[in-house]
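Below, each chain spelled out in residue letters.
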Amino acid sequence: MEGYDHTTYGERTAPDYDERPEVLRQATTDAVDCLTDLARSGPGGAVLELGIGTGRLALPLVERGLQVVGIDASEAMIARLRAKPGGDRVRVVTADFATVPAEVPGGFGLVFVAFNTFFALVDQEAQIRCFEAVARTLAPGGRFVMEGFVPDLTRWRNRQALTVTRVALDEVRLDASVHDPVAQRVEAQHLVIRADGRLGMNPVVLRYAWPSELDLMARLAGLRLESRWGGWDRRPFDASSTSHVSVYRDGHA
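Scope of this entry: the structure provided in the associated data block. (Residues numbered from 1 in each chain as written. Predicted model: local features only at pLDDT ≥ 70, side-chain atom pairs only at ≥ 80, totals over all residues. Heavy atoms only, no water.)

### Focus on the sheet that holds strand β10 (residues 223-229)
Okay, so step 1: Read from one edge to the other, the open sheet built from seven strands follows the order β3-β2-β1-β4-β5-β11-β10, with strand pairing classed as mixed. For this open sheet the edge positions go to β3 (91-94) and β10, each flanked by a neighbour on one side alone. For this sheet the average axis-to-axis angle between neighbouring strands, irrespective of direction, equals 20°.
Okay, so step 2: With five bridges connecting them, strand β4 (residues 108-113) and strand β5 (residues 138-149) associate as parallel partners. Within β5, the residue paired with V113 across the bridge is M146.
Okay, so step 3: Lying over the sheet, helix α3 (residues 28-40) contacts β1 (47-50), β4, β5, β10 and β11 (243-250), oriented at roughly 155° with respect to β4. (Pairing = 2+ DSSP bridges. Helix = DSSP H or I, 4+ residues; strand = E, 2+ residues; numbered from the N terminus. Axes fitted to C-alpha atoms, helices over the stretch in contact; angles between N-to-C directions. Contact = heavy atoms within 4.5 Å.)

So this is what it looks like as structure tokens:
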């Protein structure tokens, strides 16, 4: 998508991100419970969130007594986080999380990336670099937790799709996307048509990866799969699962 870079999604979606239906549907409480348990059962130390956004998960984790550091490429998203109660208690570094920048300290007991955000790294090389960077920042025995969707190639016909995601009295939301199955790449626009005539367009580009491919990236970085669940509530992952929460662990404990 011409003109799209690692800042575009956050900059365009920040103003209404917290009110978007797909965000409101997220199992935030289950995610915070799960991440808190993993952080407290690990080697200790601070928690690092990749793609921290507006702090949907980071701020509740801080309320649980955890020290949280975040990385995000979008100044607009970070500004939204800062404006919330407790936002000043989270250290945020403005950067592309494909390579954890040098100013982020190492020794994290838990690093996590939620809500398909890992797939915002739009090629395989960037995803591999991210795994390697995470492995370098983990304390011995630390964990890397990722939430992602399981790819469903039936969504696209002739490599394109138009999906209605919301029909309300005053607005309609549509997703228009094109799919490159060779690059495992999706380019999409989230369209919002409002009764007053306003049209919103929020672009997103992602590169999906299958769970088995993620496992291989982890192994190349020196991490091993510890657990995989069908959601933050830790229900079993099976052939019917549409998403996964995967827990990778440092092998140097």
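### Here's the deal with helix α7 (residues 211-220)
Since the α-helix packs 3.6 residues into each turn, any two residues three or four apart lie on the same face.
Okay, so step 1: Within the sequence span of α7, burial applies to P211, E213, L214, D215, M217 and A218.
Okay, so step 2: In the core, the buried residues of α7 are packed alongside α6 (124-137), β5, β9 (199-207), β10 and β11. (Buried < 20%, exposed > 50% of the residue type's maximum accessible area, 1.4 Å probe, protein only.)

### Considerations on the nonpolar core
Okay, so step 1: Formed by 43 residues in total, the largest nonpolar core has its most connected members in L48, L50, F118, F131 and F144.
Okay, so step 2: Looking at this core, the elements that each hand over two or more residues are β1, β2 (68-72), β4, α6, β5, β8 (185-194), β9 and α7.
Okay, so step 3: Those residues in contact with L48 that lie beyond four places of it in its chain are V69, G70, I71, V100, V104, F108, L110, V111, F112 and T137.
Okay, so step 4: L35, L38, A39 and A114 belong to the second-largest nonpolar core, a separate cluster that totals 32 residues. (Core = buried A, V, L, I, M, F, W, Y, C linked by side-chain atoms within 4.5 Å.)

### Comments concerning the packing of aromatic side chains
Okay, so step 1: Applying the stated criterion across every chain, the model contains six aromatic pairs.
Okay, so step 2: Residues F118 and F119 carry aromatic rings whose centres are separated by 6.3 Å and whose planes lie at 70° to one another, so their mutual orientation is edge-to-face. F119 shares its class with F118; the two are buried.
Okay, so step 3: Considering the side-chain rings of F131 and F144, the 5.4 Å spacing of their centres and the 85° angle between planes classify their relative orientation as edge-to-face. Of the two residues, F131 is situated in helix α6 and F144 in strand β5; the sequence distance between them amounts to 13 residues. For the pair formed by F131 and F144, the shared burial category is buried.
Okay, so step 4: Here a set of aromatic residues connected by ring pairs shows up, and it is made of F118, F119, F131, F144, F149 and Y248.
Okay, so step 5: Here the guanidinium or amino end of R228 rests over the ring plane of F237, the centre of that ring lying 5.9 Å away.
Okay, so step 6: Seen from the ring of W229, R234 lies directly overhead, with NZ or CZ sitting 5.7 Å from the centre. (Phe/Tyr/Trp six-rings, centres within 6.5 Å; stacked < 30°, edge-to-face > 60°. Lys NZ or Arg CZ within 6 Å of the ring centre and 35° of its normal.)

### Re the state of the cysteines
Okay, so step 1: This model, assessed by the stated rule, comprises zero disulfides.
Okay, so step 2: C34 takes part in no disulfide bond, and the closest cysteine sulfur to it belongs to C130, at a distance of 19 Å.
Okay, so step 3: Overall, the relative accessible area of 0% leaves C34 in the buried class.
Okay, so step 4: For C130, a relative accessible area of 0% puts it in the buried group. (Disulfide = S-S within 2.5 Å.)

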